[in-house]
Every structure is written in C-alpha cells, then in structure tokens.
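# Results of the structural survey
So you can see what is in the structure, the chains are spelled out below.
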Amino acid sequence: MDVEVEKQLLSQEKYGRVQSAIRWLVLVVFVGWIFVWIMTPTDTYQQKWQHRLQAKTKYGFGRQGAMLLVYTSPILFIAALGCVYIHIAKKGNCSNTESYGEKHEVSIWKRLVLVRGPLGIVSGTELAFLFMFIVLLLWSFSIYLHNGFAKITHKSAAEHGVKVWKKRLASAGVKLGLVGNICLVFLFFPVVRSSSVLPLLGLTPESCIKYHIWLGHIAMTLFTAHGISFIVYWAVTHQLSKMVEWKRTGISNVGGEVALVAGLLMWIATIPRIRRKAFELFFYTHYLYILFILFFIFHVGFFYACTMLPAFYLFLVDRYLRFLQSRYQVRLISARVLPCQTLQLNFSKSHGLSYSPTSIMFINIPSISKLQWHPFTIISNSNLEPKVLSVVIKGEGTWSQKLYQMLATPSAVDHLSVSVEGPYGPASTDYLRYDTLVMVSGGSGITPFISIIRELMYLSTAFRCRTPKVILICAFKNSSYLSMLDLILPNSGTPFDISNMKLQIEAYITRKEEHILESQTHLKHIRFKPKATDAPISAILGPNSWLWLCAIVSSSFIIFLILIGIITRYIIFPVDNNSNKIFSQPLGSFLSVLAICVSIAMAASVAVLWIKKHNDKEAKQMQKLEGSSLAEPPDLKVDGGDKDLESLPHQSLVQATKVHFGVRPDLRRMLMEVEGRTVGVFVSGPKKMRQEVAAICSSGLAENLHFESYSFNW
C-alpha cells in the first residue's frame, strides 16, 4: 500500500509540475497579448511596429498576416494549452484517491464586494478586472482621440471643405468604433460552452454569462455612438448619400449600418421585461449575431476584423461541434412525472461519458420546437450512475409546460425524439475543501445541489473518506414540491452509502398548510421504447475530449493559414500586383470567412467521424450485453403510489429531513449558527434569495462563510 501511495504522490507531483509550467506559459503569453492591446492606439505601434510586421508577412498572408500573428495566434495558442491543462487536471484527479478529504485553503479571490445593483453579485476580483478593462477602454479612446485631433488643423479641415469641429466629430466617431471593437474582442469568450480558456481562470461559461452581458451593453453603446456620430457628420456636411456607399476598398458604410441594425435589435431584445415576457423573441433575435459579425467584417475588412477573431474562432469551433452532436437522436429510457409540475427524464449514457456536479445539458425536442434548445441541470452522477443520465425539468415556461402536458396526460407517448448538446460544467470541483456545505435553494433551484449531494455519496462510498457536513435549506411554495426530495437518492440498483454522510435537510413550505401533503396526485412513471437509431448520450469528442479539442483548434488554424496563403498568393496577389485593378475588399473578406468555416468543418468533422466509429462499436456491445434491461429510477411506490416524505427508501434520509409549514427560513440566523472553519454557502434560486444570502456572507459577521451562486443564467 505504501508503494502505491508513493507512486500516486510522484504522479501528482509530475502532473503538478506540468500544470504549473502551463500556467506560467499562459500567463506570459496573455500578458504579452494585453501589452499589444495597450500599445495598439499609440503612434509607436501604428507607425513603426505594425508596418514592419506587415512588410514581413504581406507576401505570404496579405495585410492580415501581421494581425493574425499578433492578435489571433496568441489566444488560440492559449486555448490549445488550456485543453492540455484540463486533460492533465482530469487525469490527475482520477489517480488521486488518497488526497480526498485533505483540506485546502479557500481562495479569497471570491470575496464579495457588491451584492445589489445593476452589476448584480460581484466579487472583489471581478470588480478589479472590470475596473482595469474600463481603464483600457479609456486609455485607448484618449490616445486615439489625442493622436487623431493632433492631425486635424484649420488648414487640413479647409482642404476638405469642412470646419474643424465637424472633422473632429468624424474622427471621434472612428475612435468610438475602434474602442467598441475591444469589447467585441472579449464578447464571445463567455459563450464558448466547451471553453478551454475560462477554466484556466477557474471560471465556467455559466458563471461568465454576466460578463457577456456587460460587454454587450458597453459594445452596443459605443457602436451606437459611432453610428450616430457619422450620421450627424454626413447630415451637417450634406453627404447623406454616403449612407448607401459600398466601396470595393476601404470602409463599407452599408455593411456597418446592417451590422448596427442587427446589433440594436439584439440589444433591444435583451431588455429584462422583454426577455422575461417574450423569451422566444429574445432567443430568435439573438441569431442575428450571424448578420452582425458578417457585415461587421464587410464594414471594416478582414484585415482589421482579425483583432476580434480569436474568441469568435473558438466560438465557431464550439458551435460546429454542438451542431454535429445535435444531429443525433439520443436514447430516452424513462420519465418520472412529479406532482409539482416537474419531470425527471432518464437517458442512456455511454460508460466513457463523465461530467462534474452542477453540469447542465441543452435539450431539443423537435415535436415541441425544432429550433429551441433549453438548458437543464443534470442530477445524476457519472461515477455513481454509469449507465443513466438524468435531468430535471420544471414546467414553468411555454416549452416545458408543453412537455409536461405531453407526458402527464393518460395517453402519454411511448417514444420521444430528443437531441442534446453537452453536458457542460466546471472542469473540476473540490467540495471537500470545506468543513460544512450549506445549500440554500428556492423551488427548482434545488436541482444543482442534488448533483453535489450525489457526488459526496460517491466519494463516501468509493473512497470511504470523510465528507463535509451538508445542510440543505430548501424553500417551496407548497407541499407538493416535497416530492423533489425524492430525487436526492440515486437510481435503483446503484450501490451507494449515505451512512457516513452528515446530512441535514430543512424544508420550508411557505404557504400555510396542514402538516400533511397537499397533493394526492400519483406519481407517473413512463417507460419509453427507444428506436434502433437512438444512441446513448456520449461526449462528442470521446473520453479524451480535451486533447481532441486541442487537435481541432490547432489543425483547423493551420488549415486556415494554408487556405489564406493560397487565396493571397493565387487569387488576390495577381490582381493587386499584376494588373491595374484592386481586388475587392468585401470579396476578400468573404473568402477569408469561408476559409475559416471550411478549415473548422474539415478538422472537426474528421475528428467526430473517427470518434463516432468507436462510439458505435461501444453502443452495439452495450445492446448485446444489456438487451432491453436498461436501468431506470426506482418506482418508490407506497400505498398504491401516494407520495409521502416518509416513503423515501432510506430511513436515514427521512430522519435527516425536517419540514416547516407556513414560514420562510431565517437565513441570517441559520447561517450565523453554522459551525466550521470553512463553510461553503451555495445558493440557487430567485434573485432576491441569492442577494440576501450574498449580503449575509459579505457582511463580515462570520469570516468562515464562503459564497457561491448558481443563477441559471443560461
């Protein structure tokens, strides 16, 4: 045993060294990339460095060669390193069994500074980075403006037949657009679901959606001011005809106007009231990002668009992989209809698919809507339940209500065509660093905590390690929601042990009711009949998905550079250098965008087809071994199917549960009474609840409370 432990320690040390080296290399490259952005507005960069780089790369890759080298390749290099980093981290975690239970210091980076306000719940680190980003915008705008105004004199303005203030208005409009592009550079990073960049910072796409919202607001404010400035300038100089200009070279005004209109429509649809009451309008309007980006590139030319290319490139890779995964119908085994307008869907999954607690999966049901994809929390554990993946769907929106009605009716369907994207979640988790976990939920917000509890069940069962004390505080509208507590226990046939867990459940029914269950509705269980073409859910890139993603990003970019070289050398170069004509800039931009799409499609398609062959072999083997005996959740039937909290299969869970009727939880008192050197406070539910818990944790009255929120921002 000592030899095995020593080998594991040596292995962990090796993995740690490699990860540390990658982190330092990423830091150096990222700092250099940021330095380039700091220098971009200066004359030193514009008049010296950029011209030298263009002279060395122009023949092979055209004007965009320097931009690809300076702005695009560093981030794609970081993305490739990030894939390797996450792969090593996962491999290290898999081999690390003895370190479970070791206490690690909780990072102070997540200390809250703001709880209420337009920015929402913000930590000190987030506020610091937001401040530095605003400083970068102000620095860039001030330097651009200073250098631009310095070149505008009465003489130069008179040569163009305009006054100085009008010329400066046009110059300021250009600078607003340049600064807006900085926001566009970062805009797509938070929406890359399989991001290898965000985990390097300890972030997940779900937690970064607010950054996407912030950047979108700032970008559209700047782009709108950019457009208005030029409309006013053209009006006061009697040049409104320029609004319909589409030049072969230089700036295309029509392209910019189409991009701005598309952006404004998306921006208007994000107004909270519109998004809440007309979510489908918001959802469909957001597809205008395709027009926005395409005509933005036509507006400024691919040469300048290379500055915002890296994040969008990673987004395209992610989007195409999602498209490939969504083409397949997955095997839906069974469903459980709960009396609280809630569904549990159980899918067959491949053995090689693993995911972290609090992961989500996007689901599409063509019979309800062919275009809509909705995210739902995965409550199953990939280690504890290797054959089944379960999600919970609350019937709140139009889409989910249609699904609930479809399955809750007496004549329910026996087959449902379903496509999925994901799962997506944190690259790694470490709940054992806390002495106590306090989970505060409202309504269906309990679902991410079910996955955490099942993860602790797995660790307790597989490694017999000491798990943190778990206090689950859940608030429900009425007693029918108590049926959601049934979901805490894994599927039948799953070996698990909760005897070692210290679990305390405080369930609050906010409406005044008698101390009996309000609903006498019978739970309904549905067994589906999968088609032969339905496949188990599997990772689109297989078990070694991060290494495959690294290969796709790297190889597709190499293919793209080759295509750009061919286009430049054999299409653009002959026209520009061997004739009196100038190659059309919009056509060149279109060819460059096409080259990106072709390169990504080639690399990703080859990888997915290669992996699909192995998945198909595994699926056939599973069908032969298992036949029709697929695992499904327990019926949990007592007294003819009436559900009661006391009908839970394990008395330990019943004894751990206390139900309070007609009151709301006193969160301040409960959190202040929690003992433990480090207490992780997780909250999921309504915005007011999250803000209340965040305010308590940031009040300074209890230094041991560490806050984390799950807000369903997807």
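To be clear, the structure that these remarks concern was listed above.
Structure report, in brief. Just so you know, these numbers come straight off a predicted model, no measurement behind them.

Taken in spatial order, the 4 strands make up an open sheet running β7-β4-β3-β12, and their pairing is antiparallel. The sheet terminates laterally at β7 (388-394) and β12 (524-527), the two strands that pair on one side only. Across the sheet, the mean angle from the axis of one strand to that of its neighbour is 15°, orientation sign disregarded. Judged from the 6 bridges that link them, strand β3 (residues 332-338) and strand β4 (residues 342-348) form a sheet pairing that is antiparallel. Within β4, the position partnered with V337 by the bridge is L343. Strand contacts of helix α14 (residues 398-408): β3, β4, β7 and β12, with the helix running at about 80° to β4, the strand carrying the most contacts.

Pairing is parallel across the open sheet formed by 6 strands, whose spatial order is β13-β11-β10-β9-β14-β15. Of all the strands in the sheet, just β13 (657-661) and β15 (705-710) have a single pairing partner and so form its edges. Each strand axis lies, on average, 15° off the axis of its neighbour in the sheet, ignoring direction. Bridging between strand β11 (residues 503-509) and β13 involves 5 bridges; their strand directions are parallel. Its bridge partner being in β13, A507 is matched across the sheet by V659. Sitting on the sheet, helix α15 (residues 447-463) touches β9 (436-442), β10 (469-476), β11, β14 (679-684) and β15, and the angle it makes with β9 is about 155°. Here helix α20 (residues 687-697) sits on the sheet and contacts β9, β10, β14 and β15; the angle it forms with β15, its principal contact strand, is near 160°.

Now for the nonpolar core. A general tendency of soluble globular proteins is for nonpolar side chains to be buried together. Among the nonpolar cores identified, the biggest contains 97 residues, and F188, F292, F296, Y313, L314 and F560 are the most heavily contacted of them. The dominant element in this core, judged by the number of residues it contributes, is helix α3 (residues 64-95), at 14 residues. Aside from chain neighbours lying at most four places away, what touches F296 is N181, L184, F223, A259, L291, A305 and M308.

Criteria and cut-off values
Residues numbered from 1 in each chain as written. Predicted model: local features only at pLDDT ≥ 70, side-chain atom pairs only at ≥ 80, totals over all residues. Heavy atoms only, no water. Pairing = 2+ DSSP bridges. Helix = DSSP H or I, 4+ residues; strand = E, 2+ residues; numbered from the N terminus. Axes fitted to C-alpha atoms, helices over the stretch in contact; angles between N-to-C directions. Contact = heavy atoms within 4.5 Å. Core = buried A, V, L, I, M, F, W, Y, C linked by side-chain atoms within 4.5 Å. Buried < 20%, exposed > 50% of the residue type's maximum accessible area, 1.4 Å probe, protein only.

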